[in-house]
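# Observations on chain architecture
Each chain is listed here by its residues.
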Amino acid sequence: MRALVTWLLLLVSLASAAAGESRLRIGAIDAVLTVPPDIARPPVALLIAGSGSTDHDGNGPQLKPATLKKLSEQLAARGIATLRYDKRGAGEWKKEFGRPEDFRFKDFVGDAAALIDYLRGSARFSHVAVVGHSEGGLVAILAAQRVPVDRLVLLATAARKQGDLLKAQLAKQLPPDKFAPIGKAIDDIMAGQIVDPPPAGLAIAPALQPAITSAFTEDPIEPMRKITGPALIIAGGRDHQLARLDFLALTTADIAAKSLWLPDMNHVLVDVTDAADDVASYNEPERPLDPDLIDAVAAFISQK
């Protein structure tokens, strides 16, 4: 089996090398466009990264699973172009983005919408899909309210406000006495209050809290109900960051959406066996993505 996986990875690597990869600056956004060879007007997928200072490969300062890079390679091998990009704050905060304290979550949405417009306006592609991973799924849902999207794919995406999700995650990790002041501070920030000083364990500077409020309070459910085009929702049973409740809530919000539950897949879209394997996978860029996920996403994007 290991030899087979190695061979498949080699094939994908060769296909990726054959694909045309270009680094672009679109406005102030640094992006990578990958186009499969010898296909006239292929479909294209905009890949939107999850939370944190995440770059076009899906890597952050500490965790480097290369989720978007691997997804791009696999889609290119199946005849689908991709555009992936550095989020605001990845690497460094550019002066073109204004002051960090003036950032609001809608700026992430505006960036995605601008890139969708770029892809649609280029006339190089047959149709445009948007693929959001984790927090990127929320960005994708909101961007689809602003600009036309031919396909919407949500991978390991929460159905709750991010502030509520963070509280649920921390409540599982911390003893009650440690969690109580943090939970209250998150509630206060969600209510638009400034928490100064923030409690130990919640290192959000007061000047940045309005920006965090804008992210913590976005609810994906109502905009998900407004999605009218084809949608695909995929989540995994070994995702320690999300509950199956999120998957079910999203599929309920858009009853026309296709859905796929993968029991062994975790939050960075690879199959794992246990908790230790799950943690290790966040820094294993060579580990392949769940093959059923790739097949489902590629088939959904490619359909006429």
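Residues numbered from 1 in each chain as written. Predicted model: local features only at pLDDT ≥ 70, side-chain atom pairs only at ≥ 80, totals over all residues. Heavy atoms only, no water.

### Looking at the pairing of strand S2 (residues 29-35)
Within S2, six of the seven residues are buried, which leaves the element mostly enclosed by the surrounding structure. The hairpin formed by strand S1 (residues 20-26) and S2 contains two residues between the paired strands, and glycine 27 there has a positive phi angle of roughly 65°. (Buried < 20%, exposed > 50% of the residue type's maximum accessible area, 1.4 Å probe, protein only. Helix = DSSP H or I, 4+ residues; strand = E, 2+ residues; numbered from the N terminus. Pairing = 2+ DSSP bridges.)

### Some words on the packing of helix H3 (residues 105-122) against helix H4 (residues 135-146)
Put simply, H3 and H4 touch, their axes get as near as 8 Å, and they point 65° apart. Seen from above, H3 lies across H4 with right-handed handedness. For the pair H3 and H4, the contacting residues are Phe105, Lys106, Phe108, Val109, Gly110, Ala112, Ala113 and Ile116 in the first and Glu135, Leu138, Val139, Leu142, Ala143 and Arg146 in the second. (Axes fitted to C-alpha atoms, helices over the stretch in contact; angles between N-to-C directions. Left-handed = near helix turned anticlockwise from the far one by under 90°. Contact = heavy atoms within 4.5 Å.)

### Focus on the pairing of strand S8 (residues 258-262)
Both strand S7 (residues 231-236) and S8 contribute to a ladder of five bridges, which runs parallel. Considered in S8, the bridge of alanine 235 is made with tryptophan 261. Handedness of the β-α-β unit built from S7, helix H9 (residues 244-253) and S8 comes out right-handed. (Right-handed = clockwise from strand over helix to strand, strands pointing away.)

### Notes on helix H11 (residues 291-302)
Relative to the 16 Å expected for 12 residues at 1.5 Å per residue, H11 spans 16 Å between its end C-alpha atoms, a close match to the ideal helical length. Within H11, the full set of buried residues consists of Leu293, Ile294, Val297, Ala298, Phe300 and Ile301. Along the axis of H11, the buried residues cluster in a sector spanning 165°; they form a single face. Looking at the buried positions of H11, the neighbouring elements they touch are strand S3 (44-48), helix H2 (67-77), strand S5 (128-133), strand S6 (151-155), S7 and S8. (Expected span 1.5 Å × (residues − 1). Arc of directions from axis to C-beta.)

### Overview of unusual backbone geometry
In this structure, proline 197 follows aspartate 196 across a cis peptide bond, with omega equal to 0°. Within the fold, proline 197 resides in the loop between helix H6 (176-190) and helix H7 (209-216). Its identity as a non-glycine residue notwithstanding, alanine 66 has a phi of 55°, on the positive side. The class for alanine 66 is buried, based on a relative accessible area of 4%.

### What about the side chain of histidine 56?
With respect to the helices, strands and loops of the structure, histidine 56 is situated in the loop between S3 and H2. Note on histidine 56: relative accessible area 10%, which makes it buried. Only 2.8 Å separates the side chain of histidine 56 from the side chain of aspartate 86, close enough to count as a polar contact. Not counting residues within four places of it along the chain, the set of residues in contact with histidine 56 comprises Arg23, Val32, Leu68, Lys69, Arg84, Tyr85 and Asp86. (Polar contact = N/O pair within 3.5 Å; in protein donor to acceptor, adjacent residues only side chain to side chain.)

### As for the packing of H2 against H11
At their nearest, the axes of H2 and H11 sit 10 Å apart, and the two run at 55° to each other. What the angle tells us is that H2 and H11 run oblique. The element H2 and its partner H11 pack so that their crossing is right-handed. Facing Leu71, Gln74 and Leu75 of H2, the residues of H11 in contact are Ile294, Val297, Ala298 and Ile301. (Parallel < 35°, antiparallel > 145°, perpendicular 65-115°, else oblique.)

### Structural notes on the confidence of the model for the protein
Per-residue confidence for the protein averages 93 on the pLDDT scale, and 94% of its residues sit at or above 70. When the criterion is pLDDT under 50, residues 1-17 qualifies, and its contacts beyond four places in sequence or with other chains add up to seven contacts. (pLDDT = per-residue confidence, 0-100.)

### Here we look at the sheet that holds S2
Whether parallel or antiparallel, the strands of a sheet pair through hydrogen bonds between backbone atoms. Spatial strand order, S1-S2-S4-S3-S5-S6-S7-S8: eight strands in an open sheet with mixed pairing. Of all strands in the sheet, those with a lone pairing partner are S1 and S8, marking the two edges. Averaged over neighbouring strand pairs, the angle between their axes works out to 20° when direction is ignored. Where H2 meets the sheet, its contacts fall on S2, S3, strand S4 (81-85), S5 and S6, and the angle it forms with S3 comes to roughly 170°.

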